[in-house]
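Reading the structure
Here is how the chains run, residue by residue.
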Amino acid sequence: MADLKTEIERRRTFAIISHPDAGKTTLTEKFLLYGGAIALAGSVKGKKTAKHAVSDWMEIEKQRGISVTSSVMQFNYEGYCINILDTPGHQDFSEDTYRTLMAADSAVMVIDASKGVENQTRKLFKVCLLRDIPIFTFINKMDREARDPFDLMEEIENELGIKTYPINWPIGCGKEFKGVYDRHKKEIISFTANNGQHEVEKMEVDINDPRLETLIGEQHRQTLVDDIELLDGASYDFDMDAIRHGKLSPVFFGSALTNFGVEPFLEDFLKMTTPPLPRDSSEGEVDPFSKDFSAFVFKIQANMNKAHRDRIAFMRICSGRFDKNMEVAHIQGGKNLKLSQPQQIMAQDREIIDEAYAGDIIGVFDPGIFSIGDTISVPSKKFEFAGIPTFAPEHFARIRQKDTLKRKQFVKGTTQIAQEGAIQIFQEPFKGMEEVIVGVVGTLQFDVLEYRLKNEYNVDIIMERLAYQYIRWIENKDIDIKQLNLSSDTKVVQDFKGRFLLLFTDSWNINWALDKNKGLILSEFGR
Ligand code: G4P
């Protein structure tokens, strides 16, 4: 049996976050290529097949199938065992995307150099901040026209509220992209594009070395010298502690498509990140190196076969070693059990596994017993991991069953689908479940809900989209909801835990509510 400490120490578990099209898939493919996990680029996910008619369930399933197989990828590189967590971006952007970040120990943020910080990155970033995980920035597509690097740094700092530390600095961009200067190694990695072929060369040079002119041209040399002087004088100091606590983001420039700067990024990133970190629980921090196995469920994937309402529960191992024959305790369910068909995903292939370690993600067969956030541990332990917050949905609809006689199935179906975490359901306070307000993070989930209610629960629904755009949990415990002074188009609702929330049509109304109700505390996360 492999040594527990050595196995855990070599684990690195991270998520890649970005706005669609920034280059997340391309970068992931390059990582996998370095790890030898895939033979050819272009096989991480069938993006082309993901562009589908959302009304077609088979297509939805196909896409969800794709997002399952690519949701966790494990490979080995230079002695490290790397788990990449995918955060689906396109139509299947959902609460799962947020929850996945709860399973990661760090995040790689891919930014398109011509676009800067975009909407989805902003949303995912906020979730990373909840846990103060280290965030590494890869500014991609430098082989295309790019924005001024100083502007990009400023935008990241102002928009995301994290300090930046450029590890390397770009020399030109687009057709004039000459490479990057590594500030620590004092090395130029030069880039030459020749009729679609790209050559990369490394050269250790002093920034004032006259040979630099031959390599990148006088104008670029001068700009680089000026830029580096400015950076050394004005940028934040390299501070490993600030990086580890998500306060300072190391920034790398490169081009995933041409495979420029990817390997140096991966190498530095792996050195700067940590093995699995301790996790908070009801009994204090859980040490990942403890010999006792523990894990929590962060994602539940419904079965594609409607005849079986079984599911796959994805869990992140937080401590110790998992063995496929071991008996574990499901804390919330109050039962001991064996996890059946434990599987892990290696690039595109799923395989049944015998063992796994802290930092790894395993998917297990779930006969409908697990919920998001549940703790699994060795039977002798009885702690619970800190729960996973609920994230604010952004699209809302009112739903009711067409046939009033189907009320039982309607309630059962919506409740079960909500338990899986695909949708959130809200009710108007003090009213029953005749009508339910459904909130989703990505609109594809509305189609999935409608289709599943019909096919799995035999209920047709009437869905009416609502104009609300924002929802906020009321954090004040002792508030009298009836006394709140709210604008006429703000609505009070309750979630299934009985917590009160406010639905707003625009951000102006949020400010209005805060202004008119002194002491009111609103949150984007339900904790
Ligand atoms: P995503 O997963 O973040 O959505 O992005 P993805 O990697 O799919 O990349 C989006 C598009 O950007 C792709 O082009 C990809 O080839 C391109 N791209 C990624 N990295 C770079 C880069 O460093 N430089 C340049 N110039 N382009 C890059 P596409 O035409 O939309 O798709 P495809 O037909 O190439 O798959």
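Residues numbered from 1 in each chain as written. Predicted model: local features only at pLDDT ≥ 70, side-chain atom pairs only at ≥ 80, totals over all residues.

The next point concerns the sheet that holds strand 24 (residues 424-427). Spatially, the eight strands line up as an open sheet ordered 26-23-25-24-28-29-27-30, and their pairing is antiparallel. Two strands lie at the open edges of the sheet, namely strand 26 (461-466) and strand 30 (522-523), each paired on one side alone. Note that strand 27 (residues 470-474) and strand 30 share two bridges and pair antiparallel. Within the sheet, the bridge partner assigned to Ile 474 lies in strand 30 and is Leu 522. On the sheet, helix 13 (residues 444-457) packs against strand 23 (395-401), strand 25 (436-440) and strand 26 and is oriented at approximately 165° with respect to strand 26. (Pairing = 2+ DSSP bridges. Helix = DSSP H or I, 4+ residues; strand = E, 2+ residues; numbered from the N terminus. Contact = placed C-beta atoms within 7 Å. Axes fitted to C-alpha atoms, helices over the stretch in contact; angles between N-to-C directions.)

Turning to the nonpolar core, a few remarks are in order. Formed by 124 residues in total, the largest nonpolar core has its most connected members in Ala 107, Met 315, Ile 317 and Val 438. In terms of residue count, the dominant contributor to this core is strand 13 (residues 311-319) (six residues). If sequence neighbours within four positions are ignored, Val 438 has contacts with Phe 396, Ala 397, Ile 399, Ile 423, Ile 425 and Leu 449. (Core = buried A, V, L, I, M, F, W, Y, C linked by C-beta atoms within 7 Å. Buried ≥ 20, exposed ≤ 12 C-beta atoms within 10 Å, placed from the backbone.)

At a minimum axis distance of 10 Å, the contact between helix 2 (residues 24-34) and helix 11 (residues 262-272) shows a crossing angle of 75°. Our classification of the angle between helix 2 and helix 11 gives roughly perpendicular. Packed against helix 2, whose contacting residues are Leu 27, Lys 30, Phe 31 and Tyr 34, the element helix 11 presents Val 262, Glu 263 and Leu 266 at the interface. A per-class count over the contact of helix 2 with helix 11 returns five nonpolar, no polar and two charged. (Parallel < 35°, antiparallel > 145°, perpendicular 65-115°, else oblique. Nonpolar A, V, L, I, M, F, W, Y, C, P; charged D, E, K, R; others polar.)

Surveying the vicinity of the ligand reveals 17 residues, the closest of which are Gly 23, Lys 24, Thr 25, Thr 26 and Leu 257. When residues of the shell around the ligand are assigned to their parent elements, the largest contribution, three residues, is made by helix 2. (Near = placed C-beta within 6 Å.)

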